[in-house]
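Working through the structure, step by step
Residue strings, one per chain:
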Amino acid sequence: MSNQKIITIVDYDPQWPEIYERERDFIEGIISGLDYRIEHIGSTSVKGLGAKPVIDILLELEDFDKDSEKMVELMAEAGYNYIDTFEYTMPYRRYFNKKCDGVITGYHIHSVQTGGWFWNRHIAFRDYLREHDDVRDEYCRVKKELSKKVWDDKNDYAWAKTEFIVPVQEKAMKVYFPDYEKG
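So, here's what we can say about the structure. (Residues numbered from 1 in each chain as written. Predicted model: local features only at pLDDT ≥ 70, side-chain atom pairs only at ≥ 80, totals over all residues. Heavy atoms only, no water.)

What follows concerns the overall build of the protein chain. Each helix and strand in the protein chain was counted, giving six helices and seven strands. The N-to-C order of helical and strand elements in the protein chain reads β-α-β-β-α-β-β-β-α-α-β-α-α. Compactness check: the protein chain gives a C-alpha radius of gyration of 16 Å against a globular reference of 16 Å for 183 residues, within 12% of the reference. For the C-alpha atoms alone, the extent of the protein chain along its principal axes is close to 45 × 40 × 35 Å. Looking at the protein chain as a whole, 44% of its 183 residues are labelled buried. (Helix = DSSP H or I, 4+ residues; strand = E, 2+ residues; numbered from the N terminus. Rg over C-alpha atoms; globule rule 2.2 N^0.38 Å. Buried < 20%, exposed > 50% of the residue type's maximum accessible area, 1.4 Å probe, protein only.)

Rendered as structure tokens:
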């Protein structure tokens, strides 16, 4: 059996924001004792944008150094898979996933420090796509074109989108976080 990955991009589903809200409420119940903020990011957060049917959630911790271990424990106890694979290269992020069946195939939760580069660039990119239909549509076209390939790893697909994403993120950062300098 091959380990190659096929990426499926589906048309925008108006249920995605409601699905996000239910999962956000669930997460808030899990981490209620921590100082946090939660946002829906990724393609499912942009009306009209085709996407992999996965809800991406950005979880911002006010004191990441103090609260990240506790958050990992709480999220794992609640059924999320804690993935530490990229911690060496991204020590500022804790990543979780959870698979499901139905309208979506799962959730990806990225937890980071308040006001950090990871948070800002994802929020800026999302907001830019929400306000620029032409860029949103071009991004959808790029993703659909890339989804026609068979990938050795899902991360290869993600990296392939970088050529489109980075210039848009740079524009978006100037619009939404003009005073932010990547540290």
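Once you've had a look at it, read on.
A few words on the nonpolar core. Judged by nonpolar contacts, the single largest core of 23 residues is most densely connected at Ile 27, Ile 31, Ile 55, Ile 57, Met 71, Met 75 and Ile 109. Elements with a contribution of two residues or more to this core: helix 1 (16–30), strand 3 (54–61), helix 2 (64–77) and strand 6 (106–113). Here Ile 57 is in contact with Tyr 20, Glu 23, Ile 27, Ile 38, Glu 39, Ile 41, Tyr 107, His 108, Ile 109 and His 110, once residues within four sequence places are set aside. Of all hydrophobic cores here, the second largest spans 20 residues; its members include Ala 124, Val 142, Leu 146 and Tyr 157. (Core = buried A, V, L, I, M, F, W, Y, C linked by side-chain atoms within 4.5 Å. Contact = heavy atoms within 4.5 Å.)

The subject of this paragraph is helix 1. Here helix 1 is 15 residues long and its end C-alpha atoms lie 21 Å apart, about the 21 Å a rise of 1.5 Å per residue gives. Buried residues of helix 1: Trp 16, Ile 19, Tyr 20, Glu 23, Ile 27 and Ile 30, and no others. The buried residues of helix 1 occupy an angular sector of 100° when the element is viewed end-on, so they sit on one face. Exposed and oriented more than 90 degrees from the buried face of helix 1 are Arg 22 and Gly 29. (Expected span 1.5 Å × (residues − 1). Arc of directions from axis to C-beta.)

That is the geometry; function is a separate question.
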